Structures are given as C-alpha cells and as structure tokens.
Amino acid sequence: MNARVRRNALSTTLAAVAASLLSVSAWGQEYPAKVVRVIVPFAPGGGSDITARQISQKLTEHFKRQFVVDNRGGASGLIGMELTVKAPPDGYTIMVMSGSFSATPATHKPAFDPINNIVPVAEMGYTPFVLSVHPTLPVKTTKELIALARARPGQLNYVTPGVGSLTHLATELLINMTKINMVGIAYKSTGAALPDLLSGQIQLIVGSILPTLPHIQSGKLRALAVTTAKRWYSLPSVPTLADAVPGYEVELWFGVMAPRGTPPAIIDTLNAAVNRIIHEPEMKSNLESQGMVPSGGTPQRFGERIRKDYDRWVKVVREQNIKPE
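Residues numbered from 1 in each chain as written. Predicted model: local features only at pLDDT ≥ 70, side-chain atom pairs only at ≥ 80, totals over all residues. Heavy atoms only, no water.

Notes on the packing of aromatic side chains
Thinking step 1. A complete count under the given rule lists six aromatic pairs for this structure.
Thinking step 2. Ring centres 5.7 Å apart and planes at 65° place the aromatic pair Tyr126 and Trp232 in the edge-to-face group. Residue Tyr126 is located in strand β4 (residues 118–133), and its partner Trp232 is located in the loop between β8 (222–226) and β9 (251–259); the two are separated by 106 residues in the primary sequence.
Thinking step 3. Taking the relative accessible area as the measure of exposure, Trp232 reaches 5% and is therefore buried.
Thinking step 4. Between the aromatic rings of Trp232 and Tyr233, the centroid separation amounts to 5.4 Å while the plane-to-plane angle is 40°, which identifies the pairing as tilted.
Thinking step 5. Between the NZ or CZ atom of Lys34 and the centre of the ring of Tyr92, over which it lies, the distance is 4.8 Å.
Thinking step 6. We note Arg312 situated over the ring of Trp313; from NZ or CZ to the ring centre the distance is 4.5 Å. (Phe/Tyr/Trp six-rings, centres within 6.5 Å; stacked < 30°, edge-to-face > 60°. Helix = DSSP H or I, 4+ residues; strand = E, 2+ residues; numbered from the N terminus. Buried < 20%, exposed > 50% of the residue type's maximum accessible area, 1.4 Å probe, protein only. Lys NZ or Arg CZ within 6 Å of the ring centre and 35° of its normal.)

Considering the nonpolar core
Thinking step 1. Within the largest apolar cluster, 78 residues are counted, with the highest numbers of intra-cluster contacts made by Phe67, Phe101, Leu131, Leu145, Tyr248 and Trp313.
Thinking step 2. With residues near it in sequence (within four places) discarded, Leu131 still touches Thr142, Leu145, Leu174, Leu204, Ile205, Val206, Arg222, Ala223, Leu224, Ala225 and Leu241.
Thinking step 3. In terms of nonpolar packing, the next biggest core, distinct from the first, is built from 17 residues, Ala193, Ile202, Ile209 and Leu213 among them. (Core = buried A, V, L, I, M, F, W, Y, C linked by side-chain atoms within 4.5 Å. Contact = heavy atoms within 4.5 Å.)

Things to note about the pattern of salt bridges
Close approach of charged atoms lets side chains of opposite charge pair.
Thinking step 1. All chains considered together, the criterion is met by 14 salt bridges.
Thinking step 2. The shortest N-O distance in the salt bridge between Arg301 and Glu123 comes to 3.5 Å. You can see Arg301 sitting in helix α12 (residues 299–319) and its partner Glu123 sitting in strand β4, a full 178 residues away along the chain.
Thinking step 3. Looking at Arg301, the relative accessible area reads 39%, which means it is partly exposed. (Salt bridge = Lys/Arg side-chain N within 4 Å of Asp/Glu carboxyl O.)

Considerations on the pairing of strand β3 (residues 93–98)
Thinking step 1. With six of six residues buried, β3 lies mostly within the body of the structure.
Thinking step 2. Taking every second residue as pointing to the same face, both faces of β3 are buried, with Thr93, Met95 and Met97 on one and Ile94, Val96 and Ser98 on the other.
Thinking step 3. With three bridges connecting them, strand β1 (residues 36–40) and β3 associate as parallel partners. Among the inter-strand pairings, Ile39 is bridged to a residue of β3, identified as Met95.
Thinking step 4. In the sheet, β3 pairs with β9 via four bridges, with the strands oriented antiparallel. Residue pairing in the sheet places Val96 in a bridge with Val256 of β9. (Pairing = 2+ DSSP bridges.)

Digging into the confidence of the model for the protein chain
Thinking step 1. Across the protein chain, pLDDT averages 91, with 91% of residues at or above 70.
Thinking step 2. Predicted confidence for residues 1–28 stays below pLDDT 50, and this span has six contacts to residues more than four positions away or in other chains. (pLDDT = per-residue confidence, 0-100.)

Here we look at helix α7 (residues 166–178)
Residues separated by three or four positions in an α-helix point in the same direction, a consequence of the helix having 3.6 residues per turn.
Thinking step 1. The terminal C-alpha atoms of α7, which comprises 13 residues, lie 18 Å apart, in line with the 18 Å expected from a rise of 1.5 Å per residue.
Thinking step 2. Of all the 13 residues making up α7, 12 are buried; the element is thus mostly covered by neighbouring parts of the structure.
Thinking step 3. The complete set of buried residues in α7 reads Leu166, Thr167, His168, Leu169, Ala170, Thr171, Glu172, Leu173, Leu174, Ile175, Asn176 and Thr178.
Thinking step 4. Positioned one or two residues after α7, Lys179 has a phi angle of 60°, which is positive. (Expected span 1.5 Å × (residues − 1).)

Some remarks on unusual backbone geometry
Thinking step 1. In the segment running from Tyr31 into Pro32, the intervening peptide bond is cis, with an omega of -5°.
Thinking step 2. One non-glycine residue, Ser76, lies in positive phi territory at about 60°.
Thinking step 3. Within the secondary structure layout, Ser76 lies in the loop between β2 (67–71) and α3 (78–86).
Thinking step 4. Take Ser76: its relative accessible area is 35%, and that puts it in the partly exposed class.

Below, the structure is given as structure tokens:
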C-alpha cells in the first residue's frame with residue numbers, strides 16, 4: 001500500500017469514527033423526542049408503582065418530555081415483563097421494576113426470557129426485608145426463632161404473597177440455610193396478609209419494610225432482624241439476619257430497565273439522568289421515606305446484581321422444590 005492510499009484509508013477511518021461519535025452525541029442530545037412509556041408490571045399503589053411515578057415525574061422535568069406510567073400488573077409481573085421484551089428497543093418504552101425481576105423467572109420459567117432480553121439501565125435504590133413475628137410468639141431473636149421452629153417442625157407459618165414472590169423466596173432461603181420446617185400461607189399481597197398477621201393467625205413474615213415498619217413501631221409486630229448486610233438506619237437497634245445466619249443477605253432493589261437492543265447512547269443518557277435525579281435532595285428524601293437508600297451506579301453494576309440474584313433464586317427454587325401455582 002503506497003503512502004497516498006494509506007493516507008486516504010486513514011482519513012476514511014478517522015471520518016467514520018468522528019461520524020460515529022457525532023451520531024452518538026446527537027442521539028444523546030435529541031433523546032427523547034416524544035413521550036416515553038414507563039411500564040410497571042404491578043398494580044397501582046405498590047412499591048414499584050410509587051417509585052416509578054416519582055422517577056417518571058423527575059425524568060419529565062429533566063428532559064422536558066413526558067414519561068408516562070403504564071401499569072400492566074398480573075402473573076407476578078410477567079405480563080409487564082413480556083410487554084417490555086416485545087416493545088421496540090428505541091428508548092421509548094422502559095420499565096421500572098423491583099427485585100422480583102430476578103425472583104419471578106426463577107420460579108415460573110416463562111416462555112420468553114426476561115433475564116437476557118431486558119437490559120439494566122440504572123438501579124435507583126434498595127431497602128431491606130424485615131424478619132418480624134407476632135408478639136405472642138415466644139421469641140425475641142432470630143436464633144430463638146430457629147430453635148422454636150426446630151422444636152415444632154411444620155407448626156410455624158409465614159406469609160407469602162404468592163409462590164415465587166421475593167418475600168416467599170427470601171423466607172425459603174432462610175429455611176434452606178437453617179434446615180428448619182415452616183409452612184407458607186399464600187395471600188394476594190402483603191397488604192392482604194396483614195390483618196391475619198396482626199391478629200396472630202399468621203406468625204411471621206420476611207417482608208418489605210414499608211408496610212411492616214408502622215406495625216413494628218406500634219408494637220403490633222416484633223422485628224427480629226433486617227436482611228441487609230448492615231443494620232438499617234430506620235431500625236438501628238435491630239440486628240442483621242446474617243448475625244444469626246452467616247451469609248444470609250437479601251436486598252429489595254428498584255431500578256430502570258429497557259428492552260434488549262436499546263441503543264447504548266440512550267441507555268447512557270437515561271443512566272446519567274437517573275443517577276443525577278436520585279441524589280437530588282427532594283428525590284433522596286422521597287426514597288428515604290419509603291425506607292430506601294439511593295444507590296445508582298452503572299448499568300453493568302446493576303446487571304451484575306440482577307444476575308447474582310437470579311442465580312441464587314434458581315438454586316433456592318431447585319433445592320426447596322418450589323413449584324409455580
């Protein structure tokens with residue numbers, strides 16, 4: 001190749017790179033050019049819905065384009081997940097989801113593959129589950145609960161808002177790690193189970209902090225442990241479950257996701273916006289009022305969390321022989 005040809009080839013390559021960079025830059029600046037649909041795979045009023053509405057409002061303000069929540073509940077979140085998988089990967093359909101995203105496919109094994117066909121955009125925050133018991137149960141620590149369950153195999157019952165729900169699998173993980181025997185009582189939701197839990201008909205729950213915290217504070221429930229690796233700011237006197245069961249850790253996360261194939265420039269644009277928004281004072285306060293700590297980070301970091309959770313729940317489902325309803 002002579003010098004002139006080499007110069008022309010180099011010029012062509014540099015021009016292509018420059019065009020590519022300009023294209024990415026322009027795409028990031030122009031997006032979004034129209035309304036963005038925000039799928040929530042659950043009914044209005046739950047944690048995912050509340051979080052989705054908060055971040056959608058802030059994204060609307062940030063981009064000066066409407067981000068509109070579309071609740072598509074049913075089948076433990078699978079209906080909304082499937083809609084997301086099948087949506088055009090153009091950045092105009094995104095999804096706000098909880099840690100149930102990793103739990104539900106591990107149990108139900110849907111015909112479509114959400115784990116590999118929905119990609120992470122940004123984690124918003126996370127919160128613990130709380131192991132709580134009715135005060136009439138004669139235990140004040142996790143170790144005492146485990147000892148009681150061993151002394152009364154199959155006699156203690158716990159709340160499960162649906163087979164394969166994160167609350168169910170978090171409890172089954174505890175059962176698996178401690179080799180105890182307890183019976184799950186299924187309800188449509190944690191809210192639906194609360195009357196029986198508060199009356200003592202159901203004895204314990206490994207449940208989200210948001211619906212259980214008021215009852216813990218009033219003394220209607222007794223908190224034994226939080227499921228995060230460290231103690232939680234709103235329950236500073238409550239130990240971690242890992243103090244009694246080394247290696248146990250479950251976090252309920254919330255995050256933004258998108259169909260596979262969504263352009264990286266759009267993923268990066270949304271990621272940057274979410275990371276900025278969740279650390280703004282108002283949004284940070286809103287998340288903390290839900291018992292959540294803002295997290296953020298890269299799509300890659302979020303993806304690693306999703307995969308790690310999924311692999312763990314697949315193992316729990318297999319070893320505990322959990323069957324979908």
